[in-house]
Structure formats: structure tokens, C-alpha cells
Amino acid sequence: MLAASKLDKSAKIFVAGHRGLVGSAVVRRLRTLGYTNLILRSHSELDLTNQSAVKTFFTIEKPQYVILAAAKVGGIHANNTYPADFITINLQIQTNVIDSAYRYGVKKLLFLGSSCIYPKHAPQPIPESALLTGPLEPTNEWYAVAKIAGIKMCQAYRLQYKWDAISAMPTNLYGPNDNFHPENSHVLPALMRRFHEAKVSSAKEVVVWGTGSPLREFLHVDDLADAVVFLLENYSDLGHVNVGSGKEVSIKELAELVKEVVGFEGELVWDSSKPDGTPRKLMDSSTLAKLGWEPKISLRDGLVGTYKWYVTTQ
């Protein structure tokens, strides 16, 4: 195990994917903590799928630390429609950034994955050891396989080159800069948008699919950003680390809470003829808890802040 160490506030830190949900939160957190030397590039400035462009960037900028939050992401429909894009683009981004980071002298890299790396029928709560113990969820296996390759690439470079690359796997995230698209957003932003639109149009009811019984875990993206900095400073080992809230909420409880936060006063109707999805999905984040980190933002407070952001950006 390589020694973990505190970061210098003037260290050059490249946050790849700084405009996304995760990357933007990491930038906010680093700036709040007083880091002054962040290297940020939009997709138009640096195409991470272009190997020569990535090599040139690392040659010139020489970052000391890399947080790899860049990825091609999307819902079930997008994964089913563009499977080649999801596996190829993510493999290209990861391979180019991880390899160049090692070759051009980066001290430490943190790779961000997703809870979809785990088998469809993993034990609940899902421990890190469940990785590669069974078949994946078919609807997003292209993305999941790429993310698993990223974890394994970090491990391989650590084993072969004694290089400090670590991986963190967040649970379901929400917060500012989330995707509120009506067709391909996740459950929490989708509910928020629907209740908001129902409130604005004075609708009498909002119909939600299923019975509301499935249990899910949600983590505010600002908590994840805090965990990312914590892991950069305090963790250096082969295994990937789960990052979750450790708190389960039923879809029914979530919908009622979002309804309350938004201020929709109509009726919430459950269409039980529609499918519920996986009954339970919770990550075991005890590894991170033992290291001394825990989330700070309650679901209610996080929803209030996210709704304020959503309303002001519409």
C-alpha cells in the first residue's frame, strides 16, 4: 500500500469532466477548500477520446493529480440505442487519461465509476467484493463493462508500475447540474420535474409508475465531492471503494418528499399495472466509513437545494 498524503492547496489538479454532475461538484468542493490551481477543459477544448490530443495536454500542463469524472452517460433507452458508443467512448476516455497520467508523471489519479458495475443479483447491501461475481444488468452492460475495465486498469497500473491510481464507485447521485430531461433522466430528477410542471399547470394529479415499494439509496453530489477529496488524501490501495449514503428510502417515500419540497398540492397516484424494477438497491459503504468519512447532507435538505437550483435554471 502506497502512503496517502495531504494535498498542497497549490497542487495542479486536472478535473476531467468538470461540467457534468460529478465534475462540477468536485470543482465546487476543491474551490471551497482553497485549491487554487485547477486545470479544466471543456470537450471542445480537449477531446478525451483523441489519444494524441490527451498526450499533448499532459505534456504541456503536467498536472500532479487527476480526478477522472468524464464519461458518456445515459439512461436505459440511450444504452439500448447506442451500445457501441457507450462501450467505445468510455473505454477511449479512460485508457487515454489513465495511461497519459501515468506516463507524464501524475502523482495520483482517482477514477469514478458507478454502482451499475455490480451483478444484477448482487447481495444487498452490495459489498465491493461482489464485483465480477455474476451477470450484469443487460440494459446497461456496455457502460458497466467499460467502467469495470477502468477499475481493472487502475489496479493493473498499481500492480505493474507501483503507481497510485484509486477508484470510487458512487451510488445514485442527485444535485445541481443533474439531468432533468423528460425522456432520459433518472427517477429523482424525473419526479422533481413532473411535480414542478404539475404545480405550474395546476394539475390535479401526478401519476407515477409502479407501487412505490422498491428501496433505493441516494447521495447528494456535494457529499460525493467531499468523499473524492477525502479519498485522494486518505486512501491508497488496490480495491475500489463504494461511496453511498447508507440510507434507504422507498420510491413512495421519495415521491412524497419531492412532492412536499416542490409544493405540489394535487394528488399522487400510483399506477400499479406498471413495473416496479429491482426491489432493493443499496451499497455497502462500510469500507469508507471505517476510513472516517460519512455523508453530511440529509435527503430533505439536498432536495430543497436541488429544487432551488432547478427553478432558477429553467
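Residues numbered from 1 in each chain as written. Predicted model: local features only at pLDDT ≥ 70, side-chain atom pairs only at ≥ 80, totals over all residues. Heavy atoms only, no water.

J.: Hey, could you run me through the pattern of salt bridges in this one?
T.: Two side chains that carry opposite charge are able to pair once their charged atoms sit near each other. According to the stated counting rule, one finds 15 salt bridges in the structure shown. Note that Lys 120 is salt-bridged to Glu 137, the shortest N-O span being 3.7 Å. Taken together, the positions of Lys 120 in the loop between strand 4 (108-112) and helix 5 (141-161) and Glu 137 in the loop between strand 4 and helix 5 put the pair 17 residues apart, joining distant regions of the chain. According to the relative accessible area criterion, Lys 120 is partly exposed, its value standing at 40%. When its relative accessible area of 23% is taken as the criterion, Glu 137 is described as partly exposed. The residue Asp 271 makes a salt bridge to Lys 274 at a minimum N-O spacing of 3.2 Å. On the basis of relative accessibility, which here comes to 30%, the residue Lys 274 falls in the partly exposed class. Each of Lys 12, Arg 41 and Glu 61 takes part in a single network of salt bridges with overlapping partners. (Salt bridge = Lys/Arg side-chain N within 4 Å of Asp/Glu carboxyl O. Helix = DSSP H or I, 4+ residues; strand = E, 2+ residues; numbered from the N terminus. Buried < 20%, exposed > 50% of the residue type's maximum accessible area, 1.4 Å probe, protein only.)

J.: What exactly am I supposed to notice about the sheet that holds strand 4 here?
T.: Two strands in a sheet stick together by hydrogen bonds in their backbones, pointing the same way (parallel) or opposite ways (antiparallel). The parallel open sheet is built from six strands, whose spatial order is 2-1-3-4-5-9. Pairing within the sheet leaves two strands with one partner each, and these edge strands are strand 2 (38-39) and strand 9 (241-243). Pairing between strand 3 (residues 65-68) and strand 4: four bridges, direction parallel. From the neighbouring strand, Leu 68 faces strand 4, where its bridge partner is Phe 111. Each of strand 1 (13-16), strand 2, strand 3 and strand 4 touches helix 1 (residues 21-32); the most contacted strand, strand 1, lies at about 155° to it. Packing against the sheet, helix 5 makes contact with strand 4 and strand 5 (164-170), and its axis sits at approximately 155° to strand 5. (Pairing = 2+ DSSP bridges. Contact = heavy atoms within 4.5 Å. Axes fitted to C-alpha atoms, helices over the stretch in contact; angles between N-to-C directions.)

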